[in-house]
Structure formats: structure tokens, C-alpha cells
Amino acid sequence: MILSQPSSDQWWSSAVIYQIYPRSFKSTTDGVGDLPGITSKLPYLAGLGVDAVWISPFYTSPQKDHGYDVSDYRDVDPLFGTLEDATTLLARAKELGIKVIVDLVPNHTSDQHPWFQKALKAGPGSPERNLYWFRDGRGENGELPPTNWRSVFGGPAWTQVEDGQWYLHLFDSSQPDLNWENPLVREEFESILRFWLERGVAGFRVDVAHGLMKDPALPDWDHDWEMVSGLDDDSVPAPPMWDRDEVHDIYRDWRKIVDSYGGMMCAEAWVHDDERRSLYVRPDEFQQCFNFSFLASPWDRASLQEVIAQSYEVNNRVGAPTTWVFNNHDVVRLPSRMGLPVTGKGPNGIFPTDPQPDLELGSRRARAAQLLMLALPGSAYLYNGEELGLPEHTSLADEYRQDPNFRRTEGTEAGRDGCRIPLPWDSTLPGAGFSPTGETWLPQPDGWEEYAPDRQIVNPDSVHTMITTALKLRKEHGLGTAQIKDHTTEDALEYQVGDIRVITAFDRELPVPDGWQVLLSSQPVTDTIGPNTTCWLQKTES
Ligand code: GLC
């Protein structure tokens, strides 16, 4: 069956985009990553073969949610450098042919943003309060929150201020939600888009793109909307705060601005199903929307086949390429997730006292999953350290945890610190070369230096070598824009992508088909493809 992929000559439609989590990527000072650290590693990324980077927020921020709480959208946090450092980074990336996508956080600001500070002072009923969602409480004296909504990070989604009113925060209490009914909010973000486009960014990854509009009647809603996966239950009424149809008008306006600079936008949208996701990539909205169904799929032939087929089907309907992703700064790293008894989206962090992943099995599956992903037409995102096969830190002591999710769930969820450990760069240096002093803002687990690039680049069997080779072949064979046919059988996932045959074996061994030779594989393959292995094959020359 031809799954077909709408062909597009736009760079982003088949790009491999590398996500940088600035505080964990590379530090040139004191153990927190920074912009000069990113600039210094751009040649490494060029060597890896990525087309673009997406940099998580580096703007001025009290860092309550590590930059996803912005207090000045037009400046760089001193922790990460200066606006000049950003200019230098953009210039160096351009020289190396790497595009730069920045993160835009429009659902909420920091509580230290001047707008919120003014709103606190201005008092109930003021135009300043109308930039956010301030409401009187329920109960006899307004002592109860205005609705029963819950924060994604745990606990109530409302916090009371001194004069008795409450404000809405779908995330941490340090992240008040903006009121997108207010035209001033819209104007401000259109100006922020222009500010960064003028400086030469290639586009934006838009944070919580599904959250901006709320039902102004603020009805109660008794459910939790899960990070990444939304809600998997058809019987639940549509949420009054997530994935509302009105959000799309905002993106239509933004698209016009972004188009005028030749830029692109990628939506982070946790939605109920693939149909809803495809609405974000209609021709006049986002160019990309992360395929979280793929990320959340269990490691099993039938599920992956269905997710892949369905993704092409719904995106074809709106004429958009797909956007594959397995990792980001919000989920347990792939080799660990794939080594759990139940694979899929995984838990929200793993405690040392939890059942530990089988890392040998998980790493084998992760390599197979990565080679599968990188063969699929469309765009693909890699998360920093994914090219090194980094696992989750699952032995982190609680005293080090910084994710508000850990605090707000009173320690019942480990949170996301385990996928944000400072990267190893040089196995011979303290802190595996993360910073000049050897300091790291979160402790690295034992043996972290073994994953460092200096070890991997010289090792033909390393994850780094596999990914670099895959990216090179992907380009040479035009896989990102090729036609794809599904030949899956009971035995294995099998696709013909352009002139490459891609086979992923799960629980059984398969012979290498006659007339085909191995071009690249996630495990050594001679005559048979072992379990949990992906192989790229090419016709033997006759
Ligand atoms: C997005 C980010 C996540 C952040 C949240 C609130 O989901 O990916 O890291 O905590 O938004 O901004």
C-alpha cells in the first residue's frame, strides 16, 4: 500500500532538527549550559548532519520552569549570555548552514513579567488584570478557587493573591496564563515574532500551542490532560481549556507574519487524536506539529504500523508532511523507556526505588526505533544526547530534583530532571567535559563519560556513528521526500522508501531477503536480522 507523502521543496518538510536544551547542552562557565557553549558545538552538529536546531527558551526568566517562565521575551537570561551571544550564535549557524528555530512561550508568562507585576498592583477589574485570568473565588468569602481545574504539574490551577482574587495557571503558580481574548496580548506576540525573525531565526517551536484559548464561561471540568498525550478517553467532554477551535485563528495571523520572512512554525500540541493534530498543520497554519502518537507508541509492530499509516493519512488530507519525534525534554529518554516492561510514553520520570529499565534491551530497541524513524519521509526531531544513546538518569537523589512537577505532586512523580542531565562531551575530563570546571547543574550518573562523543566517534558500532551514517544516507537517497509503500507482514514492519527497503524486526529473527544487501543496520547483520533490529537494504547489483 502506498502511504504517500506530499512532496514539498520547503527545507523543513524533510529536515532533521536537533533540539538543544540550553542549560544541559554545553557550559562555558559554571556548570549551567549557555549560548556560547551552543556556538562552540555547532561544528559538532554540522558533523552530525542535522539541518537545523531548535533551542529551548533562553530568554530572561526566573527559571522556575527552566526558562518556560519568561519575564522578558526580547532578551537573553544572564545565565545563558547576552543578546550579542545570540547574534553570534545565529551568525555562526548560518556559516555552517544550520537553521535556528527558537522557542515561543505564548500560553503564560513568568509571574515576574512586568505585565503580571502591574496586574497584581492594579487590582480587581483593572485593564492590567485583564491581560491574565483573574477571577473572584467561589465559596462564601471567595476562599475557593473559581473552577476545579488542575495544573498539569499537579495541584489546583488557581492561586489566590493578597486582595483575594485568584489567577489561572495551567502549569506552575509562577506561570500565569495569558488572556488571549485580549487584543493587547495578540499585538505583543506578533511583535515578539517579528523581533526574532528580524534577527534571522528560521522559525519557532510554539509551546503549549493547544492551550491559548479558554472557554470564557470557565465551566468545571473533572479530568486531567496528560503531558504529551492529552486524554485517551472518548467519553470525556471536550475540555474548556485545551485544544479549543478558537486557537487556530491566532496561528492563521502568525502564519502571515512568519511567511513574510520565509520562516516556519512547529506546534507542540497535546491533543486527543491524530485528526485533531492535523488541524494545526492546515495550509494556512503551522508547517509542523510534533507527532506525539509516534512518540507514545508502544514498541510493537501492530501499534507502530497503525500510527505510521494513520499519520500519513491524516496529514495527507491537509497536504502536510509528518513530523516524527521520540524524545524531548519532557519525557523519559528512549533507551530507558524502551527497556520498561510496558513501553510507550512512559512514566513521568523514574525514581531509584522504581523498577529499573532493562537498559540492554532498551538500548537495542532504541537504536532500531531511531533507524526506523530516520528512514520515514517527513521531518524528524532529535533531542540533544539522543545521538549518544543517553539513557534517563534513574538514580538521581530527590534533593537534586528541580522540576516543579516533583514539588507540585508532593514527590509522587519524579518529574523530568532525569532526561535533562548535562551532556558528556569528553570522557577524559571532570564532569565529562560539560563545563571548564567540571561542575554540572544536575549530577551526572556513574559511567556518563562512556557516552561522550570522543569515545563514540571513533567507534564504528556506536549510536553516534549509526546516526551520522543514517543522516548521510537519508540525504543521499532522498528519504525525507521519497514515496513510501507499506509491505508490513506478521513478521516485521517493512517499508519501501524510495530505493531503500526498511525492515524492523521485533520479536523474531528474519532472513535478509534475496537480492538485497545491507546498507545500514541497528545491530550487526549478516544473513539474518535479529530481534529488535532495523535494517536499511539496497538491491544487490546484478
Ligand atoms: C511545554 C514544555 C514544558 C513546559 C511546559 C510549560 O510542555 O515542553 O517543558 O514545562 O510547556 O511551559
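Residues numbered from 1 in each chain as written. Predicted model: local features only at pLDDT ≥ 70, side-chain atom pairs only at ≥ 80, totals over all residues. Heavy atoms only, no water.

Bringing the packing of helix α6 (residues 183-198) against helix α7 (residues 247-260) into the picture now. Angle between the axes and distance between the axes are the two parameters that describe a pair of packed helices. Interhelical geometry of α6 versus α7 gives an angle of 30° and a closest axis separation of 10 Å. Comparing their axes, α7 and α6 come out roughly parallel. In this structure, α6 meets α7 at a crossing whose hand is right-handed. Seen from α6, the contacting residues are Arg186, Phe189, Glu190, Leu193, Arg194 and Leu197; seen from α7, they are Ile250, Asp253, Trp254, Ile257 and Val258. Counted by class, the contact of α6 with α7 contains 7 nonpolar, no polar and 4 charged residues. (Axes fitted to C-alpha atoms, helices over the stretch in contact; angles between N-to-C directions. Helix = DSSP H or I, 4+ residues; strand = E, 2+ residues; numbered from the N terminus. Parallel < 35°, antiparallel > 145°, perpendicular 65-115°, else oblique. Left-handed = near helix turned anticlockwise from the far one by under 90°. Contact = heavy atoms within 4.5 Å. Nonpolar A, V, L, I, M, F, W, Y, C, P; charged D, E, K, R; others polar.)

Low pLDDT marks stretches whose predicted atomic positions should not be read closely. Across the protein chain, the average pLDDT comes to 97, with 100% of residues at or above 70. By mean pLDDT, the top-scoring element of the protein chain is strand β1 (residues 16-20) (99), and the lowest-scoring one is helix α8 (residues 274-279) (95). (pLDDT = per-residue confidence, 0-100.)

Time to look at the site of the ligand. Near the ligand there are 16 residues, and of these Asp65, Asp207, Glu268, His329 and Asp330 occur at the shortest range. Within the side chain of Arg205, one N or O atom sits 3.0 Å away from an oxygen atom of the ligand. In this structure, an oxygen atom belonging to the ligand sits 2.9 Å away from a side-chain N or O atom of Asp207. Relative to its unbound accessible area of 310 Å², the ligand is 100% covered by the protein chains. Considered class by class, the residues forming the shell around the ligand number 6 nonpolar, 3 polar and 7 charged. (Near = heavy atom within 4 Å. Polar contact = N/O pair within 3.5 Å; in protein donor to acceptor, adjacent residues only side chain to side chain. Areas by Shrake-Rupley, 256 points an atom, 1.4 Å probe, with all protein chains shown as cover.)

Locating Asp75 in the fold gives a position in strand β4 (residues 72-76). Separated by 17 residues in the primary sequence, Asp75 and Phe58 place their C-alpha atoms 8.4 Å from one another. For Asp75, the residues in contact, after removing those within four places along its chain, are Phe58, Tyr59, Thr60 and Leu83.

As a further point, take the packing of aromatic side chains. In total, this model carries 33 aromatic pairs according to the counting rule given. For the pair Tyr73 and Phe189, a centre-to-centre distance of 5.1 Å together with 75° between the ring planes defines the contact as edge-to-face. Here Tyr73, found in strand β4, pairs with Phe189, found in helix α6; they are 116 residues apart in sequence, far enough to count as distant. Of the two residues examined, Tyr73 and Phe189, each falls in the buried class. Among the aromatic residues, ring-to-ring pairing joins Tyr73, Trp180, Phe189, Tyr251, Trp254, Tyr280 and Phe286 into one connected group. Over the face of the ring belonging to Phe134 we find Arg129, whose NZ or CZ atom lies 4.4 Å from the ring centre. Its guanidinium or amino end placed over the ring of Phe195, Arg199 lies 3.8 Å from that ring's centre, counting from NZ or CZ. (Phe/Tyr/Trp six-rings, centres within 6.5 Å; stacked < 30°, edge-to-face > 60°. Buried < 20%, exposed > 50% of the residue type's maximum accessible area, 1.4 Å probe, protein only. Lys NZ or Arg CZ within 6 Å of the ring centre and 35° of its normal.)

Spatially, 5 strands are ordered β14-β15-β16-β20-β18 in an open sheet, and the strand pairing comes out antiparallel. With one partner strand each, in any of the chains shown, β14 (484-486) and β18 (516-521) form the two edges of the open sheet. For this sheet, the mean angle separating the axes of adjacent strands, direction not counted, is 30°. Summarising the sheet, β14 and strand β15 (residues 492-497) pair through 3 bridges and their orientation is antiparallel. Along β15, the bridge assignment pairs Asp486 with Tyr495. Running at roughly 30° to β15, helix α10 (residues 301-318) makes contact with β14 and β15 of the sheet. Where helix α15 (residues 463-476) meets the sheet, it contacts β18 and β20 (533-539), and its direction lies at approximately 125° from that of β18. (Pairing = 2+ DSSP bridges.)

In this section: α10. With 18 residues, α10 extends 27 Å from end C-alpha to end C-alpha; this agrees with the ideal 26 Å at 1.5 Å per step. The set of residues buried in α10 consists of Arg301, Leu304, Val307, Ile308, Ser311, Tyr312, Val314, Asn315 and Val318. For α10, the N-terminal cap is Asp300; the gap from its side-chain oxygen to the backbone nitrogen of Ala302 is 3.0 Å. Downstream of α10 by a residue or two, Gly319 has a phi angle that is positive, lying close to 75°. (Expected span 1.5 Å × (residues − 1).)

What the rule picks out here adds up to 0 disulfides. Not part of a disulfide, Cys419 finds its nearest cysteine sulfur in Cys266, a span of 17 Å. Judged by its relative accessible area of 1%, Cys419 falls in the buried class. (Disulfide = S-S within 2.5 Å.)

Bringing the sheet that holds strand β2 (residues 52-55) into the picture now. The strands making up a sheet are joined through hydrogen bonds of the backbone, oriented either antiparallel or parallel. With parallel pairing, the 8 strands of this open sheet are ordered in space as β11-β10-β9-β5-β2-β1-β13-β12. Pairing within the sheet leaves two strands with one partner each, and these edge strands are β11 (288-289) and β12 (323-325). Examined bridge by bridge, β1 and strand β13 (residues 379-383) share 4 bridges and lie parallel to one another. From the neighbouring strand, Gln19 faces β13, where its bridge partner is Tyr383.

Turning next to the environment of Trp133. Among the structural elements, Trp133 can be located in the loop between α5 (114-122) and β6 (134-135). For Trp133, a relative accessible area of 3% gives the class buried. Once the C-alpha coordinates of Trp133 and Val201 are considered, the two residues, 68 residues apart in sequence, prove to be 31 Å apart. In terms of polar contacts, Trp133 uses its side chain to reach the backbone carbonyl oxygen of Leu178, at 3.2 Å.

So, on to the pairing of β1. By the criterion of burial, β1 is predominantly enclosed, with 5 of the 5 residues buried. Here β1 shows a buried face lined by Val16, Tyr18 and Ile20 and a second buried face lined by Ile17 and Gln19. The pairing of β1 with β2 spans 4 bridges and is classified as parallel. The residue bridging Ile17 from the neighbouring strand is Ala52, located in β2.

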